[in-house]
Amino acid sequence: MNAVVGLSLPRAENKTFAGLALGETLAAKNVSARCAILVIDLRSGDIVEIRDDETTAAADGSGPADVNVEHRRIVGITGNTITLDASVKHWMTTANYARVIKVNPCRNATIQGASIEFVEPPDSDRINTFQSSLAWKCQYLSCSVPNEDAYGTRGRAFELSRCFECDVIDCWSGPAKYTGSGEGYGLAFVRSTNCTATRFTTAGNRHGVSFIGATDCSVRDLRGVGWTNNLVDFHGQREIGC
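Residues numbered from 1 in each chain as written. Predicted model: local features only at pLDDT ≥ 70, side-chain atom pairs only at ≥ 80, totals over all residues. Heavy atoms only, no water.

## Considerations on the layout of surface pockets
Item 1. When its volume is computed, the second largest pocket comes out at roughly 240 Å³.
Item 2. Lining the second largest pocket are 16 residues, with R126, R156, G182, Y185 and I212 positioned closest to its centre.
Item 3. By residue class, the composition of the lining of the second largest pocket is 4 nonpolar, 7 polar and 5 charged. (1 Å grid on protein atoms, 1.4 Å probe; cavity = no way out; pocket = protein on both sides within 12 Å on 5 of 7 lines; lining within 4 Å. Points joined across faces, edges and corners; volume = space filled by probe spheres on them. Nonpolar A, V, L, I, M, F, W, Y, C, P; charged D, E, K, R; others polar.)

See below:
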């Protein structure tokens, strides 16, 4: 299914369509008005999750976590053939119910300048402080979990779970109060794809940064001190390209 969109320039003789807010928007983006006809494929651009049901229990007997999960964008559909923006990295089989699932992610959201303090003891369950799930092109910008209060959290300071092309920029996590198994991580990429962290600072965390079943995720300019296990952890859940 296609949509046809026509673009028009203001008329030179009488400046019809002049004076609209659109003119200010074009100027702010340093873009000139133009005449054009656009044909837009309405079936492309969707975000899909590609996965099967294989778990770490089947892979190495260690537990029930999913190991083959990644996210891509549809760039075209022809008949029964879906073309994605990049190759699928994990090896999946129909025997393990490999499938493509269209998702409806949170898009283009930003949390900026937030800092979290805790005013009561944490629950026994791990609750992550900043967590995004099924997000696309979202970001945390200059956020922090100082852990300077009396209580702290059992969870991770930052987690991107099943996200696509999301960013963590200029964020930091202070010394965790709890650093037992699964607790007190600085940042975790969990079954996310093409996500990045830039200038992340971690102090006193169990793992500074952990890649858990992630695909093509990366950290740039990582700064860390006083970690209890690892500054960077690859969690053994078939991380690829990180």
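## Remarks on the packing of aromatic side chains
Item 1. By the definition in use, this model includes 6 aromatic pairs.
Item 2. Between the aromatic rings of F130 and F158, the centroid separation amounts to 4.9 Å while the plane-to-plane angle is 5°, which identifies the pairing as stacked. Taken together, the residues F130 in strand β9 (residues 130-133) and F158 in strand β13 (residues 158-161) connect sequence positions 28 residues apart. The same class applies to F130 and to F158, which are both buried.
Item 3. Arranged with centres 5.9 Å apart and planes meeting at 70°, the rings of Y140 and F158 form a pair that is edge-to-face. Remark: F158 occurs in strand β13 and Y140 occurs in strand β11 (residues 139-141); sequence separation between them is 18 residues.
Item 4. For Y140, a relative accessible area of 4% translates into the label buried.
Item 5. F158 sits in the buried class, given a relative accessible area of 0%.
Item 6. Taken together through their ring pairs, the aromatic side chains of F130, Y140, F158 and F200 make up a single cluster. (Phe/Tyr/Trp six-rings, centres within 6.5 Å; stacked < 30°, edge-to-face > 60°. Helix = DSSP H or I, 4+ residues; strand = E, 2+ residues; numbered from the N terminus. Buried < 20%, exposed > 50% of the residue type's maximum accessible area, 1.4 Å probe, protein only.)

## Re the pattern of salt bridges
Two side chains carrying opposite charge are able to pair once their charged atoms lie near each other.
Item 1. Under the counting rule described, the total for this entry stands at 14 salt bridges.
Item 2. Between R162 and E49 there is a salt bridge; the shortest N-O distance is 2.8 Å. Of this pair, R162 sits in the loop between β13 and β14 (167-169) while E49 sits in strand β3 (residues 47-51), and the two are 113 residues apart along the sequence.
Item 3. Across the pair D216 and R72 runs a salt bridge whose closest N-O atoms are separated by 3.5 Å. Note that D216 is positioned in the loop between β19 (207-212) and β20 (218-220) and R72 in strand β4 (residues 69-78), a separation of 144 residues in sequence.
Item 4. Judged by relative accessible area, which is 21%, D216 ranks as partly exposed.
Item 5. A single salt-bridge network, built from bridges that share partners, covers E49, R51, D66 and R162. (Salt bridge = Lys/Arg side-chain N within 4 Å of Asp/Glu carboxyl O.)

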